[in-house]
2 protein chains.
Amino acid sequence: MSTKEGATVVNLNRMKHACRECSLRELCLPVGLSDTDIRSLENMIKRRKTLKKGDFLYRVGDPLSALYAVSSGSIKTSELAHDGDIQITGFHLPGELLGIDAISTDLHPCDAVALETTVVCELPMGKLEDLARDIPSLQRQLLRVLSREIVQDENLLMMLGKMNAEARLAACLVSFSERFERLGHSGTKFKLSMSRQDLGDYLGLALETVSRLFSRFQEEGLIRVEGRHIQLLNLAGLRALTGKGAAGQGSRHQPVA
Amino acid sequence: MSTKEGATVVNLNRMKHACRECSLRELCLPVGLSDTDIRSLENMIKRRKTLKKGDFLYRVGDPLSALYAVSSGSIKTSELAHDGDIQITGFHLPGELLGIDAISTDLHPCDAVALETTVVCELPMGKLEDLARDIPSLQRQLLRVLSREIVQDENLLMMLGKMNAEARLAACLVSFSERFERLGHSGTKFKLSMSRQDLGDYLGLALETVSRLFSRFQEEGLIRVEGRHIQLLNLAGLRALTGKGAAGQGSRHQPVA
DNA sequence: CGTAGCTTTGAGTGTTATCAACTCTCGTGG
DNA sequence: CCACGAGAGTTGATAACACTCAAAGCTACG
């Protein structure tokens with residue numbers, strides 16, 4: 001298969017990972033579950049998988065056997081067009097669930113590739129459904145997670161359909177900022193795990209356009225760029241560029257409207 | 001509320017609409033449910049609502065009280081951007097479910113507007129969850145429907161991110177063709193219920209571009225256009241265009257959808 | 001260190017948005 | 001019955017934003 005067996009050999013003794021002790025439990029599936037319910041969830045988790053950079057978690061057409069929760073690292077999901085063009089449909093950070101777009105057909109419609117060394121928790125689909133039936137709050141949470149994914153996709157739709165390149169990258173950076181912060185990391189200084197090409201394939205832009213925008217944002221004092229190390233110097237300014245600026249100070253360069 | 005009470009007064013005696021006798025049951029929520037299960041579903045359905053063209057089914061920020069299944073007619077869902085730009089996130093035909101993107105926050109993130117006289121079945125959210133707990137196959141079906149929506153959004157993402165204007169409209173027409181056919185209508189001759197502006201707001205194009213493309217497709221013998229009446233003359237040709245057809249069209253790979 | 005991949009920057013091009021004028025349809029009211 | 005106006009659609013001219021092609025600089029890793 002695509003993922004090496006060797007990877008899962010490491011730390012077999014840690015396989016019985018406890019959701020209760022996981023720092024991500026408030027971001028992941030256990031939200032709103034009682035302690036006993038979480039214990040049931042723990043028992044269901046088959047194992048944790050470690051992926052190296054470039055490893056596939058699953059591929060287009062693979063049958064759905066489990067959902068995966070990112071524990072550490074990051075994963076990109078992408079769809080291939082007939083002519084080889086790639087659309088990245090999401091970057092998945094710790095606490096986020098993968099594979100839910102496969103539920104409708106029981107086949108994965110996209111590839112999932114690790115952007116760096118990444119650990120995921122495996123949630124066997126059958127057991128998850130059984131458990132959801134027994135635990136109403138888990139059922140609700142599952143629906144919520146799916147629904148949240150729809151909302152995220154629709155936000156991305158808005159970006160691709162109605163925003164210019166500048167606004168797209170700004171919105172993307174703001175999104176990363178918020179998500180890193182939720183993870184307890186810095187929301188203004190972080191390292192991107194994906195390439196310019198990946199960002200372009202996500203935002204519907206050429207990689208050169210992404211690169212140029214990074215340079216321009218730096219010139220304008222909005223961010224500091226050093227390869228994949230990003231520092232957000234003017235978060236409000238970035239937000240203003242996305243259009244949704246509530247705390248907008250006059251960072252209006254060109255009348256976008 | 002946004003929708004007038006008057007609309008629902010008509011035909012109160014038909015309120016006890018039977019899913020069992022609905023021609024859409026194989027497209028809608030009852031898929032895979034037993035006869036008794038469907039009966040439980042019927043009892044849950046609060047009522048049917050009739051909307052006139054332009055009526056809102058719900059608005060951004062409205063609390064989620066029910067999901068809606070389109071029975072006849074069509075509905076567009078759209079999000080408003082800061083500067084007034086709108087992105088249409090979907091056109092919903094009979095048999096399709098609306099409101100599922102509100103489950104994550106219990107608030108509707110988009111507007112839903114009838115494109116023509118439209119009838120919807122109302123599925124109270126709380127009762128639906130209760131019923132899903134009692135009927136495992138309904139739970140599965142519910143997850144499936146949500147997941148399918150994600151897949152659809154991701155297809156649209158692919159269009160907006162990677163396809164040119166020509167390919168987008170072609171893909172859109174092919175999609176309508178397939179959906180009308182599933183509904184038992186003609187897949188090659190149909191009337192669009194939405195304006196060029198709506199199509200543009202869906203495809204991320206200016207309305208003028210949409211209009212020009214219709215004209216060009218007609219010149220090329222792909223379709224026949226008469227206002228909103230569309231006839232597809234060369235479905236294979238349209239499909240070829242969705243594979244990014246400007247250059248050579250020797251596409252060996254199968255179309256996605 | 002050397003190579004391969006990633007990133008930056010430049011120059012030129014093209015697809016598509018924007019602005020604008022005109023037609024057509026349809027419903028309303030004079 | 002026709003004039004009128006509003007909304008929808010078509011078509012043309014122009015220009016901008018982002019893509020493509022190209023080359024050089026940089027980074028990382030064996």
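Above this text is the structure in question.
The sections below set out a description of the structure shown in this document. (Residues numbered from 1 in each chain as written. Chains lettered and ligands numbered in written order. Predicted model: local features only at pLDDT ≥ 70, side-chain atom pairs only at ≥ 80, totals over all residues. Heavy atoms only, no water.)

For the rest of this paragraph, the subject is the overall build of chain A. Looking only at helices and strands, chain A features 8 helices and 11 strands. Taken over 257 residues, chain A has a buried fraction of 54%. Summarising the internal contacts of chain A: among those between residues at least 6 apart in sequence, 70% fall at separations of at least 24. Accessible surface for chain A amounts to roughly 11,600 Å². Of this, 49% is attributable to carbon and sulfur atoms. (Helix = DSSP H or I, 4+ residues; strand = E, 2+ residues; numbered from the N terminus. Buried < 20%, exposed > 50% of the residue type's maximum accessible area, 1.4 Å probe, protein only. Contact = heavy atoms within 4.5 Å. Areas by Shrake-Rupley, 256 points an atom, 1.4 Å probe, with all protein chains shown as cover.)

Another point: the nonpolar core. Of all hydrophobic cores here, the largest spans 79 residues; its most connected members are Phe176 and Phe214 of chain A together with Phe176 and Phe214 of chain B. Residues within four places of Phe214 of chain A in sequence aside, it is in contact with Leu169, Leu173, Leu192, Arg196, Leu199, Ile223, Val225 and Ile230 of chain A. One finds Ile45 and Leu123 of chain A together with Cys28 and Ile103 of chain B within the second-largest nonpolar core, a separate group that totals 56 residues. (Core = buried A, V, L, I, M, F, W, Y, C linked by side-chain atoms within 4.5 Å.)

Let's shift gears to unusual backbone geometry. Peptide bonds are trans in most cases, and residues, glycine excluded, mostly fall at negative phi. All names here are of chain A. At Asp106, a position not held by glycine, the phi torsion is positive, near 65°. Its location among the elements puts Asp106 in the loop between strand S6 (97-98) and strand S7 (111-114). By relative accessible area, Asp106 is classed as partly exposed at 32%.

The partner chain B presents 48 residues to the 47 residues of chain A that form the contact. Carbon and sulfur atoms supply 60% of the area that chain A and chain B bury against each other, a total of about 4,500 Å² over both sides. When the area that chain A buries against chain B is broken down by residue, the three leading residues are His82, Leu157 and Lys162 of chain A, summing to 16%. Between chain A and chain B we count 6 salt bridges in total. Where Glu129 of chain B meets Arg140 of chain A, a salt bridge forms, and the shortest distance between an N and an O atom there is 3.3 Å. Here chain A and chain B share 16 residue pairs in polar contact (both at pLDDT 80 or more) between them. (Buried area = accessible area lost by both parts, 1.4 Å probe. Salt bridge = Lys/Arg side-chain N within 4 Å of Asp/Glu carboxyl O. Polar contact = N/O pair within 3.5 Å; in protein donor to acceptor, adjacent residues only side chain to side chain.)

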